[in-house]
Structure formats: C-alpha cells, structure tokens
Amino acid sequence: MARDIRTLRRFLGGMLLVLLPWQTAMAVAEPLVFGVLAVREEARTEARYRPVLDYLEAAVPGIDFELRVFDVEGIDAALQRNEVDLLLTTPTHYEIVRSENALSSVLATQVSYHRGEAIRSLGGVILVRAGRDDIAGLADLRGKRIASPGDCCLAGYQAPLFEALNAGHDLRGSADFVFLNGHDAVIAAVREGRADAGFVRSGLVEEMVENGELRADAFKVINRQALGPYPYRVSTRLYPEWPLVVLGHVGNETERRIAAALFAMEPTSAGDGGPAGIGFGPPAEYLSVERVTRTLGLPPYEEQDRITWRQVWEQYRIESIILAASAVIILLLGIALLLRHQALRASEERFRRFFQDNDSVLLLVDFRGGVVRDANRAAARFYGWPRAELIGRPLTDIWVDDVGPENTSGIEARDVHTARLRTGETRHVEAHATALKGEEHDEVYFVIVHDVSERIRARNALADERRRLANVIEGTHAGIWEWNIQTGEVVVNERWAEMLGYRLADLAPTTIDTWHRLVHPDDRLKAERVLDACFRGNADYYDVELRMRHHDGDWMWVVSRGRVLEWTEDGEPLRMWGTQQDVTEHKHMEQQLQLAASVFVHAREAIMITDPDARIVDVNAAFAEMTGWNREEVIGRTPAFLRSEKQDDAFYRRLRTRLEKDGYWSGELWNRRRDGTLFAERLTISRVTDADGQPTNYIALASDITAIKAYQRELEHQASHDALTGLPNRVLMADRLRRAMAETRRKGGLLAVAFLDLDGFKSVNDRFGHEMGDKLLIEVSRDFAAQLREVDTLARISGDEFVIVLGALENEAAAKPVIDRLIETAARERRIDGKPVRVSASIGYTFYPQDEPVDDEDLLRQADTAMYAAKESGRNRSCRYRSD
Amino acid sequence: MHRRRFLLYSAISLSPWLGGCGEPEPLRVSYHPWIGYETLSLAGQFGWLPGNVDLERRHSASASLDALREEQADAAALTLDEVARARTQGLDLVVVLVFDVSAGADVVLADPTIRRIADLRGRRIGVETSAVGSLMLDRALEAGGLDRSDVTVIDLPADRHLVAWENRRVDALVNYEPLASRLQQAGMARLADSRDFPDTIFDVLAVRRERLGGARRSLHGLVDAHFRALEHLRISRQDAIYRISEIGGVGPETVRRSLAGVLLPDRVSNLRYLGTESRLVEVGGEFLHRYGGGKQSADWISDEFVRSGERNGA
C-alpha cells in the first residue's frame with residue numbers, strides 16, 4: 001500500500017478526531033455512504049447489495065443511505081477522502097483500515113446464504129486448470145506464475161500464502177505473483193494459461209458454474225480442506241466473512257439502529273442466476289486473520305527497517321541460544337586447554353620422579369632402534385651397569401631372547417624371557433611394555449621388568465605338590481569330596497562318581513542334595529548326627545560308614561571320612577573336605593564275622609576253639625556254665641583237665657586218630673566239672689584249615705547230656721522191669737535166663753527155672769481192693785527176693801505170676817530147700833493196713849540142661865506145666881516137671 | 001586408540017541433541033469420538049503433533065482401555081473415573097492433561113412424565129456401564145436419594161440408546177452429546193446433566209507410567225499441540241467447527257451444541273486442576289476409593305507436561 005503517505009493519513013486521522021463532534025452533527029443531514037469492495041464487476045456487486053440498501057432506507061428512518069461500489073484502488077482513495085461511513089470489505093483490508101483509523105470498528109459480519117444455509121466463513125481457493133497434472137499440491141506451486149486479485153486480499157492472497165508457508169513453502173520467494181484487477185481477471189488468466197494458478201475466494205467458482213459462466217470441470221482445486229458441510233471447495237482454513245466496518249464518525253445511536261436493523265433483516269434472496277443471498281450477523285472474531293497478516297509480515301504488520309535485538313531474539317531464539325552456548329563452550333575449552341598444559345607439566349615432573357625413584361626395574365626402550373633410551377636406578381642395579389652406560393646400550397646386551405613389542409605387551413606376559421646381567425649371569429624375567437607415545441612410527445616403549453626366577457621356582461614346587469596329591473588320590477583310588485556347607489555346593493572327583501556307578505558328568509551339578517538322594521535313609525540320620533558333632537566342634541573328624549545307592553539300584557557300603565577345614569568369621573562351618581572308600585566287601589565280611597561271633601556268644605552249646613596243638617584259644621559262656629571253668633582259667637591249656645576216668649586212654653587215642661583222618665569226631669563221653677562232678681557230654685570236634693589245607697584251629701561243640709542219659713537209663717529200666725515191684729519183667733527175665741543158660745553151658749552145673757503163682761490173690765483183690773493187692777505183691781516180692789542169692793533172678797511176669805531162675809546149682813537137690821522156703825514165705829500170715837491177708841504159692845520147676853536140647857521157651861513151658869500140676873494137687877506146694 | 005574411542009563415545013552421547021528431537025519409540029495415543037478430544041484430531045490435521053506421535057481413533061472408551069491393557073497404546077483420552085477404575089485393575093496410568101470438564105454435555109434423559117430423579121425408583125435405566133455413564137448415573141441417583149438397588153440398570157452401549165427409547169424398552173437413559181440432542185428430539189426430557197455435578201466429570205489424557213520417562217519430549221509436544229488446537233478452536237471457531245463436523249460425521253449445529261456443554265480449560269486452568277489439593281485430585285481420590293484401590297500411589301496426577309513448555313523445535 002502507499003507507505004509514503006501514511007504520515008499524511010495519520011495527520012488526516014488526527015484531524016478527523018478533532019473534527020468529530022461537528023462531523024457527527026453534520027452526518028445526520030448527509031446520506032451515509034455504504035461502501036462495498038467489489039469482488040467481481042462493479043455492476044454485479046451493485047446489484048447484489050442494492051436490496052440491502054433499500055432495506056436500510058426503509059428500516060432506519062431519518063437516515064439516507066448511498067451505495068458505492070469500489071475496486072481495490074478506488075476504496076483506498078475514498079477512505080483517504082473520508083468519503084465512506086460504512087464499509088463492507090475483506091477482513092485483511094479491514095485490518096489496514098483499522099490501523100489507519102483507530103475509531104473504526106466492526107458493526108456486523110456478513111452472512112451469505114446458499115440454498116437456505118447460512119455461511120459465516122470464507123476461505124481461499126487455489127485454482128489450477130484441469131489437466132495440469134504437474135501441479136498437485138502446495139509444493140508444486142514453487143516456481144509457478146500465480147495470479148491474485150491483490151496482496152491486501154485475504155482469500156485471494158494472504159490465506160493461501162499462509163497455508164503454503166505453514167506447509168514449509170514461502171511462495172513469495174519461490175513463485176511469481178501477478179496481481180490483476182478483480183477475481184474475474186484471475187479466473188481468465190488461469191483459464192487462458194497466462195498464469196499457472198490463481199487465488200480466488202471461496203464460492204466464486206461455484207457461483208460461476210451455476211451461472212453457466214464456467215464449466216464445472218474447468219478447474220481443479222488443490223490442497224482441498226476437509227470441512228464437512230461447508231458448501232464450497234477451499235484450499236485454506238476458514239476465516240470469518242466480511243466485516244461491516246463502521247468508521248468513527250457515525251454516532252453511537254445511529255450505529256445501534258443500523259445494527260438492529262441489519263440483524264433483523266431477512267436474508268436477501270438470490271437474484272435470478274445471481275449470487276447468494278446476503279444477511280448480517282453479530283461481529284465475528286477476526287484474530288485469526290490478524291495472525292495470518294502478522295505471520296506474513298504484511299501491512300499493517302510489516303517489518304520495520306530497524307532490526308532490534310528484541311526482534312532478533314524473537315526470531316532467532318534457538319539460533320541465539322546455540323551461538324551463546326557455543327561461545328561459552330569455546331571459552332571453557334580455552335581455559336581447559338590452559339589447565340591441561342599446566343597439568344601436563346606437573347605430570348611430566350611426576351613421571352620423572354616415579355620413573356627414577358621406583359623400586360621396580362623400569363626402562364624406556366626403542367624397539368626399532370634396538371637401544372635402551374632410559375633406565376631408572378633399579379634397572380641399573382639389576383643389570384649391573386651404571387645408569388649412564390645402560391642408557392644407549394643395545395637391547396641385545398641385556399636381553400637374550402629376541403624381544404619385541406609383540407611379545408611383551410598385555411597384562412600377562414605369556415613368555416618368560418631371559419635377561420643377561422653385566423656379570424654374564426642370566427635370569428628369568430617377565431617384561432611388560434606399554435607404548436609411550438601411542439603412534440606407530442615412534443616405537444618407544446615403557447617396559448617394566450620383573451625377576452621371576454623365584455616365582456618360577458615356586459610355581460614348579462606347586463606343580464610338584466599338585467602332582468603328588470593327584471598321584472596319592474590316584475594311588476588310593478579314593479573318591480574325593482569337597483563340600484561348601486553354606487552354599488550346599490559339592491565338588492567330587494571322577495572316582496567318587498564311578499564308585500556309585502555314575503560318570504561325573506551325569507551327576508553334575510553336584511550339591512549336598514545329590515548326596516542326600518544317594519544315601520540310605522536309615523544311615524542319613526547317623527551321618528547327620530556325626531556331622532552335627534563336627535560342626536559344633538565336638539568331633540574333629542567325620543568318619544561314618546553308610547550305604548549309598550549304586551546306579552544299578554543296589555545299596556553299597558562306603559566309608560566317608562572328612563574334616564571341616566574352613567570356618568566363617570562367625571565360627572560357622574564353611575567348607576569340608578574328605579574321602580570316600582568302597583567298603584562293601586569289608587562290610588559283608590564284617591557282618592559275617594559279627595554273625596559268627598554272635599553265634600559263638602549266644603549259643604546254648606559250649607564252644608571251644610583251640611589252636612592246632614589243642615591249646616584253648618577261646619571258649620564261650622555256655623562252656624563256662626557247663627564245665628564250671630571260666631574263660632581266663634582255660635585259655636592256653638589243653639582240654640585234658642576235663643577228662644574223667646570213665647573213658648580210657650584208648651578211647652582218646654581213637655578219638656585223635658579219627659580226628660586226624662576225617663577232620664572231625666562226634667560222640668558221647670563223660671567229663672568232669674571243676675567241682676568234680678561228672679557229666680555226660682555229646683561232643684563234636686571239627687578241624688579248620690586255611691586255604692592251603694593246614695590246620696589252623698579245632699572247634700569243639702559240646703552239650704551236657706547227663707540228664708538225658710539218666711532219663712535214658714530210666715527208660716531202659718522201665719522197659720525191663722516191672723513198675724510196681726521193681727522186679728525184672730518178662731523181657732529181662734528171658735534175657736537173664738538165656739544168659740544163665742549160656743553160663744551153665746560154659747561153666748557146667750545146673751540151673752532151675754521155677755514158675756510161681758500166688759494162690760488166692762484174686763480173692764484178696766476182690767475183697768480188699770486193688771490197692772491192697774498191690775501192696776501185698778510188693779511185700780511178697782520183697783520177701784521172695786530176700787530168699788534168693790545174687791546169681792538168682794526173680795521176675796514178675798504177670799499179675800500174680802513170678803518166674804525164678806536159680807543159677808549155679810551143683811545138683812538138683814540144691815534147688816529144693818530154696819523152693820520150699822519160697823512156699824513157706826508165700827504162705828506166711830501177713831497184715832496189710834491192719835487187715836489180715838493170707839495167700840499161698842504154687843510153684844512148678846524144671847532143670848537145665850536136660851537130655852534133650854531145650855531152649856528158654858521150653859523151660860518156661862515146662863515150669864508152667866509143673867505149676868499147674870502143683871495147683872491141681874492142692875496148692876501151696878511145689879511140683880517138679882515130669883515129661884510124662 | 002583411546003582418543004578415537006573417546007570421540008566415538010562423545011559423538012554417541014551428543015547424538016540425541018544432534019539428531020534432532022526424535023525419540024526412537026512411537027507414542028501411540030488412543031482416543032474416541034468426543035467433542036473434548038477433537039483438539040487431537042485438529043492437531044493431527046494441521047500437522048502440529050510431534051513426529052513420533054501416532055493417533056488412533058477408536059470407537060469407544062472401552063476400546064481405548066483395551067488397547068492400553070494389551071499394550072497397543074501408550075496413552076489414551078479417558079474420563080477421570082475410567083482412569084481410576086483402570087488403576088484399581090492394575091493398569092498404572094498417570095493423568096497429564098485435562099481436555100475438558102463436562103458441564104452439561106453428559107445427561108440423564110427420561111420419559112417426560114418423570115419429573116424428579118426420585119421418581120426413577122423401580123424404573124428401567126439404560127446406561128453404558130463401562131464408561132462415564134456409570135458415574136453420571138451414580139451421581140444422579142445419589143442426588144435423588146436413590147441407589148442402584150432401587151432401579152433396574154440395563155447395560156446398553158451408546159449406539160443402542162435411540163432404538164431402546166423408540167421401543168420404550170427403557171424409562172431413562174444416561175448418555176452424552178450429541179446423542180443426547182437426538183434423543184431429546186425423539187421426545188425424551190432432560191432430567192439432570194453434568195451441570196448439576198460441576199467439576200465431576202473430567203476428560204483427561206492418561207499415559208502408562210512406564211512410557212513417561214522415554215517419551216517426555218513427545219508428551220510435551222502433544223500437550224503443546226492440544227493447546228495450539230484449542231487456540232485455533234477459540235480464534236477460528238467456524239473453521240474448527242466445520243473440521244470437527246467433517247471428522248465426527250455430525251452437523252455443525254450438533255458440534256456447536258456439544259461445545260456448549262463442556263468447559264475447555266487453558267494451560268493456567270490445567271495447572272490448577274492438576275496441582276495438589278485441587279478438586280480433580282480430590283474427585284480422583286474418591287473414585288480410587290470407590291473402585292476399591294485404597295492404597296494406590298498418590299502420584300498418578302502430574303502437572304509436569306502442562307507447565308509452559310519448551311516450544312521445542314522438534
């Protein structure tokens with residue numbers, strides 16, 4: 001706009017201010033000029049707004065209105081001449097008007113009606129001829145020719161420009177603007193190709209299409225905004241419709257009436273084929289437009305020539321900050337550099353001191369040149385050269401091996417080198433080299449040399465120890481375990497695992513739980529008790545035999561020994577080491593021995609163990625019980641002290657022979673107790689030999705069978721004697737008879753066999769009872785026995801029958817007196833239990849030998865027959881057997 | 001060798017600043033159609049959002065909550081009570097911005113014969129129970145001296161409310177603009193709205209706590225973009241209304257009416273709301289308590305991001 005006459009305008013404005021009251025007074029008479037900025041031809045605009053003016057004439061009595069239509073240039077001139085009272089113009093133009101005429105304000109905002117819909121916003125449209133595919137978006141406008149109705153226009157210039165600027169394209173610099181007079185000119189220019197694109201206001205194209213002035217597909221709109229029900233295509237965001245500006249010299253009351261009238265106005269109808277209807281509404285907020293103009297720096301917000309620091313700060317805030325920060329950094333760096341320099345000096349000094357005074361052998365070495373550049377006192381001492389001579393000395397003088405930086409750098413020197421002293425002596429050393437300058441071409445290295453002879457010796461000794469230990473472990477074939485009691489970790493060797501049938505890898509990771517799993521539950525308690533004692537310090541060593549499960553599933557015995565060798569600071573056990581040996585075999589043997597010993601101790605039989613010379617090695621408790629001798633008394637002696645005279649020497653000789661021949665003897669014999677009593681013994685002696693067959697021991701098992709023997713005798717007696725009278729029974733009698741017969745045959749002489757039958761015995765039984773009868777028999781037997789000699793036999797063979805064998809008779813006559821006596825004895829009067837009892841005897845007898853051969857049966861028969869004869873002859877007598 | 005390494009390290013350490021403002025991971029923000037959240041849509045349209053912010057428009061608050069839970073989203077636009085409820089269910093969300101305070105946009109509509117809230121006793125009320133409607137309902141019932149056991153609550157998603165009223169399957173409905181206007185046109189009367197319970201329904205931006213540290217710049221940028229869009233709404237209201245109309249698929253009048261039912265706090269107001277001992281913090285605490293999360297961490301409301309920011313060049 002016309003900047004150069006702005007001052008003039010201001011002056012004029014000031015004048016207006018002064019003249020205002022008079023102006024107002026005059027205004028009543030003169031018509032109010034209603035100015036309208038023309039978008040299209042003036043005639044069209046005139047026609048459009050005529051209805052509004054007509055309405056106002058009618059609605060506001062007392063005031064005349066005059067409609068004047070201006071183009072862009074004309075409006076400015078009219079404003080300068082202050083010819084306009086009410087102005088309907090584009091919002092951006094209003095901004096300028098406002099800035100030049102402080103008293104102007106917005107009375108109302110235009111509302112246009114399109115098909116009954118009220119539209120209160122407008123926007124810019126960027127038109128491009130249809131078919132121009134090279135222009136699709138804002139970016140494509142760069143370098144193009146753009147037609148515009150004027151730079152004061154909102155929709156036709158500032159809005160699209162703002163939109164492009166926001167998208168990052170300042171078209172003022174990059175596009176070629178051509179300003180034409182009016183929107184129609186812009187449309188024509190684009191259509192005819194004189195411009196690549198055109199900026200127009202919203203709704204124009206739609207109006208022209210409706211009027212038939214334009215084909216619908218003639219143009220395309222780029223950067224279309226998505227504004228929903230907004231009826232027109234726009235390329236920018238929306239801004240409020242045109243303001244109706246009232247300039248300062250219209251009075252308040254007039255303003256109010258005009259505003260009221262306008263708000264009450266029904267929208268004008270669209271003219272035939274004409275523009276949309278017009279209406280007015282309350283003033284809108286034009287801040288958004290102001291923002292646009294300000295951002296673009298257009299009037300009235302164009303930049304001043306003077307650049308203030310504030311503006312620079314506003315505009316280049318971030319750049320300023322970076323610049324300032326950079327300056328500060330540079331300053332700080334400068335200071336840092338200075339300090340570094342000082343520090344460097346100090347460090348050099350320090351280095352010198354460290355180097356010289358250090359007790360380690362330090363050298364500065366030039367590997368490329370192969371010389372010693374510098375050495376400290378310790379180096380001089382070590383190598384034996386004075387410092388001055390050491391410096392500059394070739395490396396080959398002091399190092400035997402070919403040493404270069406490749407094999408001396410790093411934390412661990414892998415090789416040990418040999419250094420040569422002045423004396424010619426060599427030492428094992430380790431050298432650590434660090435590059436001093438750090439650049440490849442200047443190979444000065446800082447070298448520390450350590451005499452490692454001692455270390456090597458120690459290392460070798462350690463290796464020897466280790467080997468020894470490993471050999472011991474290997475030699476003992478022991479399983480080794482190490483247990484960290486706090487963490488539960490357990491480390492075992494291969495043998496430990498192998499003992500249980502596993503590979504070490506199978507058991508990993510080994511912890512105390514591994515052990516728990518493998519230990520027999522019954523033994524665990526025992527082991528834990530011992531462990532507990534070790535932990536408490538009550539026991540020094542852990543030494544336990546326990547069962548562990550072999551891989552195959554069997555239980556095997558191991559002996560586990562160990563000791564807590566590391567304790568924590570609180571006195572808790574930390575680590576324990578130990579061995580484990582397979583003792584399954586031993587255990588079995590042990591168990592067998594225990595069993596044997598058990599047998600030895602607990603057997604009821606007396607057991608005696610002797611050495612091969614029959615000297616007693618051990619006896620058990622049963623032995624002591626049986627013989628009355630205790631262990632201490634008999635150890636070392638032979639069993640001869642047990643002998644009784646019941647066995648002769650021959651017996652013992654036979655015993656020994658048998659023992660030597662067969663290896664064992666079994667039998668019965670009579671021995672003598674300590675107290676002298678005899679006892680019968682069932683004895684078995686066995687010989688024990690070793691693997692070679694040599695006798696190592698004799699084992700004798702004996703049981704006391706005295707009682708048994710007595711019982712045996714008792715039984716025998718009972719078998720051969722009559723229970724009641726104790727006399728021999730039939731069986732014994734027969735035996736005795738046969739023997740007597742044999743004796744008689746051998747020695748000569750005679751024997752007599754007599755059959756005695758008690759007469760009347762039965763009636764005694766019947767009268768006095770069996771008890772009496774028994775007592776009678778006993779008495780009678782006794783009496784009979786008293787009559788007989790040693791060589792005679794008296795036997796009771798049944799109820800009241802006796803057999804008497806008279807042996808060693810010289811002749812037959814010798815038998816008679818005995819038999820008569822027997823008769824007499826039997827007939828004697830007796831009193832038994834106070835009762836008189838009387839019996840008699842009938843005896844039949846025969847002699848042996850006889851003319852004819854006879855056996856014992858015959859004799860008995862004969863005697864029996866003779867007895868019957870006696871009985872029939874009257875009883876109480878004897879009768880000799882007659883064969884007829 | 002060592003110098004080179006040092007240089008390399010220093011280069012690496014400087015790179016975040018050298019490389020511009022990019023934070024490596026995208027910040028995924030989920031929101032649903034609601035007038036208070038449309039500033040996000042506007043900011044997206046105008047390109048005011050930071051480069052690594054991904055906006056995702058889902059169809060309901062429940063969908064946004066699900067997205068948070070399944071870690072498909074890092075932040076979401078939700079009502080304060082929805083955030084509180086999610087917190088008690090184990091989602092550690094932090095409130096960093098207040099979009100709007102409902103003042104009329106949330107309503108309780110009813111059959112015109114029901115004059116007072118107390119008359120709702122024994123009636124059927126349709127409400128989307130998973131969302132803000134539940135809160136409105138509770139407050140309204142409280143105000144009328146009732147509780148949920150006095151009425152029959154029918155869980156209805158908002159898009160079924162109109163049909164339910166037309167078939168008279170409900171006596172009252174709890175929902176919000178613009179649906180409320182449509183239902184009023186269909187004959188329902190406004191029984192109560194959020195103006196009766198001022199400073200109760202806050203629509204906020206909630207961020208997963210674990211993303212807070214790594215997305216500071218993006219969050220600042222997002223908040224700045226929101227306020228920029230808010231200003232656009234203020235000074236270019238028409239433009240904004242048309243745009244929101246297009247995005248939301250509703251007419252400008254509806255948009256206008258919805259705007260009328262909310263208060264849109266600026267930065268200063270936001271600072272007040274998100275500061276300690278504000279009404280919002282108090283209400284938030286009540287919600288936590290109500291939903292059973294007694295001892296939640298106190299610091300789930302932060303005013304860090306609404307503090308006048310670096311308008312960073314990122």
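For clarity, every value in this text was computed on a predicted model and none was experimentally measured.

**Q** Explanation requested: the state of the cysteines in the structure shown.
**A** When the sulfur atoms of two cysteines share a covalent bond, that bond is a disulfide. Residue and element names in this part refer to chain A. Summed over all chains, the structure comprises zero disulfides over all chains. C152 provides the cysteine sulfur closest to C153, a residue in no disulfide bond, and the two sulfurs are 4.4 Å apart. Overall, C153 belongs to the buried group, its relative accessible area being 7%.

**Q** Would you mind going over the interface of chain A and chain B with me for this structure?
**A** Reports of interface size often rely on the accessible area that becomes lost once the parts have come together. Taken together, the contact between chain A and chain B spans 20 residues of the former and 18 residues of the latter. Summing both sides of the interface, chain A and chain B together bury roughly 1,500 Å²; the carbon and sulfur share of this comes to 53%. Three residues, A226, P229 and R237 of chain A, lead the burial of chain A against chain B; their summed loss comes to 29% of the area buried on that side. Linking chain A to chain B there are one salt bridge. Between chain A and chain B we count four residue pairs in polar contact (both at pLDDT 80 or more) in total. Sorting elements by how many residues they give to the side of chain A that touches chain B places helix α10 (residues 287–296) of chain A first, with three residues. Considered class by class, the residues forming the side of chain A that touches chain B number eight nonpolar, seven polar and five charged.

**Q** Would you mind showing me how to read the pattern of salt bridges here?
**A** Side-chain pairs of opposite charge can arise whenever the charged atoms involved come near each other. Residues and elements named next belong to chain A. The tally for this structure, following the rule as stated, stands at 95 salt bridges over all chains. The salt bridge involving R427 is made with D451; its shortest N-O contact spans 2.8 Å. Note that R427 is positioned in strand β18 (residues 426–435) and D451 in strand β19 (residues 444–451), a separation of 24 residues in sequence. Judged by its relative accessible area of 27%, R427 falls in the partly exposed class. The network of salt bridges with common partners includes R40, E41, R44, D184, E207 and E213.

**Q** Looking at this structure, how should I read the layout of surface pockets?
**A** Residue and element names in this part refer to chain B. Its boundaries defined by the atoms lining it, the second largest pocket holds a volume of some 740 Å³. If you go around the second largest pocket, you meet 34 residues; those closest to its centre are P33, H59, A158, Y176 and P178. Secondary structure elements with two or more residues in the lining of the second largest pocket: α3 (61–69), β3 (75–79), α7 (179–185), α10 (237–248) and α11 (252–260). A per-element tally of the lining of the second largest pocket places α11 first, with three residues.

**Q** Just checking my understanding: could you explain the packing of helix α7 (residues 183–191) of chain A against helix α8 (residues 204–211) of chain A for this structure?
**A** Residues and elements named next belong to chain A. Where α7 meets α8, the closest approach of the two axes is 12 Å, and the angle between their N-to-C directions is 80 degrees. The angle between α7 and α8 places the two elements in the roughly perpendicular class. Packed against α7, whose contacting residues are H183, D184 and I187, the element α8 presents L204, V205 and M208 at the interface. Considered class by class, the residues forming the contact of α7 with α8 number four nonpolar, one polar and one charged.

Thresholds applied
- Residues numbered from 1 in each chain as written.
- Chains lettered and ligands numbered in written order.
- Predicted model: local features only at pLDDT ≥ 70, side-chain atom pairs only at ≥ 80, totals over all residues.
- Heavy atoms only, no water.
- Disulfide = S-S within 2.5 Å.
- Buried < 20%, exposed > 50% of the residue type's maximum accessible area, 1.4 Å probe, protein only.
- Contact = heavy atoms within 4.5 Å.
- Buried area = accessible area lost by both parts, 1.4 Å probe.
- Salt bridge = Lys/Arg side-chain N within 4 Å of Asp/Glu carboxyl O.
- Polar contact = N/O pair within 3.5 Å; in protein donor to acceptor, adjacent residues only side chain to side chain.
- Helix = DSSP H or I, 4+ residues; strand = E, 2+ residues; numbered from the N terminus.
- Nonpolar A, V, L, I, M, F, W, Y, C, P; charged D, E, K, R; others polar.
- 1 Å grid on protein atoms, 1.4 Å probe; cavity = no way out; pocket = protein on both sides within 12 Å on 5 of 7 lines; lining within 4 Å.
- Points joined across faces, edges and corners; volume = space filled by probe spheres on them.
- Axes fitted to C-alpha atoms, helices over the stretch in contact; angles between N-to-C directions.
- Parallel < 35°, antiparallel > 145°, perpendicular 65-115°, else oblique.

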